[in-house]
Amino acid sequence: MSPGTDDLPRAGRGMPSGGLAHGTPVAARFTKWGGGRHWEWVGRYLGVDEHGHWWYSPAGTRCSRPGMEFVEEDGWVSLVPHVGAYAVGFYPQGRQVSVYVDMTTEPVWQRRDDSDGGPEWEVTMVDLDLDVVLTCEGDLFVDDEDEFAEHRVQLGYPPEVVALAERWRDLVLAAVAAAEEPFGSVGHEWLRRADAAEPVLGDTAGA
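Anyway, here's the lowdown on the structure attached to this text. (Residues numbered from 1 in each chain as written. Predicted model: local features only at pLDDT ≥ 70, side-chain atom pairs only at ≥ 80, totals over all residues. Heavy atoms only, no water.)

1. As for the side chain of His53
Along the chain, the position of His53 falls in strand 3 (residues 52–57). His53 has contacts with Met15, Gly19, Tyr45, Gly47, Val48, Ser78, Leu79, Val80, His82 and Trp109, leaving out every residue within four places of it along the chain. (Helix = DSSP H or I, 4+ residues; strand = E, 2+ residues; numbered from the N terminus. Contact = heavy atoms within 4.5 Å.)

2. Remarks on the environment of Trp121
Position of Trp121 relative to the elements: it lies in strand 10 (residues 121–135). Relative accessible area serves as the criterion here: at 6%, Trp121 is assigned to the buried category. Trp121 sits ten residues away from Arg111 along the chain, and the two C-alpha atoms are 4.6 Å apart. With residues near it in sequence (within four places) discarded, Trp121 still touches Gly14, Pro16, Leu20, Thr24, Pro25, Val26, Ala27, Trp109, Gln110, Arg111 and Arg112. (Buried < 20%, exposed > 50% of the residue type's maximum accessible area, 1.4 Å probe, protein only.)

3. Some thoughts on helix 3 (residues 186–197)
Spanning twelve residues, helix 3 covers 17 Å between terminal C-alpha atoms, matching the ideal 16 Å at 1.5 Å per step. Residues of helix 3 that are buried: Gly187, Trp190, Leu191 and Ala194. What you see down the axis of helix 3 is that its buried residues fit within an arc of 100°, all on one side. Among the structural elements, strand 2 (37–48), strand 3, strand 6 (76–81) and strand 7 (86–90) are those in contact with the buried residues of helix 3. (Expected span 1.5 Å × (residues − 1). Arc of directions from axis to C-beta.)

4. Notes on the pattern of salt bridges
Scanning all chains against the criterion turns up 16 salt bridges. With its nearest N and O atoms 2.8 Å apart, the salt bridge here joins Lys32 to Asp129. Linking Lys32 in the loop between strand 1 (25–31) and strand 2 with Asp129 in strand 10, this pair joins segments that are 97 residues apart in sequence. A salt bridge links Glu147 to Lys32; the shortest N-O distance between them is 3.8 Å. Of the two residues, Glu147 sits in helix 1 (residues 145–154) while Lys32 sits in the loop between strand 1 and strand 2, which places them 115 residues apart along the sequence. Among the charged side chains, a network of salt bridges with common partners joins Arg29, Arg37, Glu40 and Glu122. (Salt bridge = Lys/Arg side-chain N within 4 Å of Asp/Glu carboxyl O.)

5. Re unusual backbone geometry
Residue Glu181 is joined to Pro182 through a cis peptide bond whose omega torsion reads 15°. The topology assignment puts Pro182 in the loop between helix 2 (159–177) and helix 3. For Asp144, which is not glycine, the phi dihedral falls at a positive 65°. Relative to the elements of secondary structure, Asp144 occurs in the loop between strand 11 (140–143) and helix 1. Within the chain, Ala179 stands out as a residue other than glycine whose phi angle is a positive 55°. Of note, Ala179 is situated in the loop between helix 2 and helix 3. Owing to a relative accessible area of 44%, Ala179 belongs among the partly exposed residues under this scheme.

6. Let's talk about the environment of Val108
Position of Val108 relative to the elements: it lies in strand 9 (residues 108–111). Residue Val108 is classed as buried on the basis of its relative accessible area of 16%. Each C-alpha atom of the pair Val108 and Gly14 lies 6.0 Å from the other, and the pair is 94 residues apart in sequence. Setting aside residues no more than four positions away along its own chain, Val108 makes contact with Arg13, Glu122, Val123 and Thr124.

7. Some remarks on the nonpolar core
Within the largest apolar cluster, 30 residues are counted, with the highest numbers of intra-cluster contacts made by Val77, Val101, Val172 and Phe183. Residue assignment for this core shows that the elements contributing at least two residues are strand 3, strand 6, strand 7, strand 8 (97–104), strand 10, helix 2 and helix 3. Ranked by residues supplied to this core, first place goes to helix 2 with seven residues. Beyond its immediate stretch of four places on either side in the chain, Phe183 contacts Tyr86, Val88, Phe90, Val99, Val101, Val172, Ala175 and Val176. Membership of the second largest hydrophobic core comes to 17 residues, among which are Cys63, Trp76, Tyr91 and Val123. (Core = buried A, V, L, I, M, F, W, Y, C linked by side-chain atoms within 4.5 Å.)

8. Considering the pairing of strand 6
Taken across its six residues, strand 6 has six buried, putting it largely inside the fold. Sheet topology note: the strand 3/strand 6 ladder contains six bridges and is antiparallel. Paired with Trp54 across the bridge in strand 6 is Leu79. Bridging between strand 6 and strand 7 involves three bridges; their strand directions are antiparallel. Its bridge partner being in strand 7, Leu79 is matched across the sheet by Val88. The turn joining strand 6 and strand 7, which pair antiparallel and follow one another in sequence, is formed by four residues; a positive phi near 145° is taken by Gly84. (Pairing = 2+ DSSP bridges.)

Shown next as structure tokens:
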């Protein structure tokens, strides 16, 4: 039975009506339950559609979490949906992963103190371990179920948080399997347009 919309998390809370100006820097900040830092990176806001708010992270984006840091070789786009407790990454052909969906708490947009030189806007959410992954070969699976089982005890996930993560795992898994949008072609079309608009490194034409 499909859920009604009245009891679903309203993701994107805090976003101004109509979204941000195209190209606005956005800090993505995932945490773990209890406040521990998780993945962080900075992208650029692309726009909004019926699915949610999109932002782009070009090749060369630095991603970090405690104990790990790397620079991405390819660009990707991320989505925070209007309704839902998850965040999505869409990746280019040639990568092992095509679509990666993190189950999270309700994502929240907020202005931040930019005195440290960071972006004025950030989107924050608590990562709840469970991930729905679609590979470029078409394999679909749920990742980190063992980590979820461990953390629900070690970190003390409340019952309603466990239910939230499991509910959205099931809904997202079914949607990706059925190629429902934005998981069908919409996400990769946002990526194609963003990549096409990205200047080629070393291209000084028009300078």
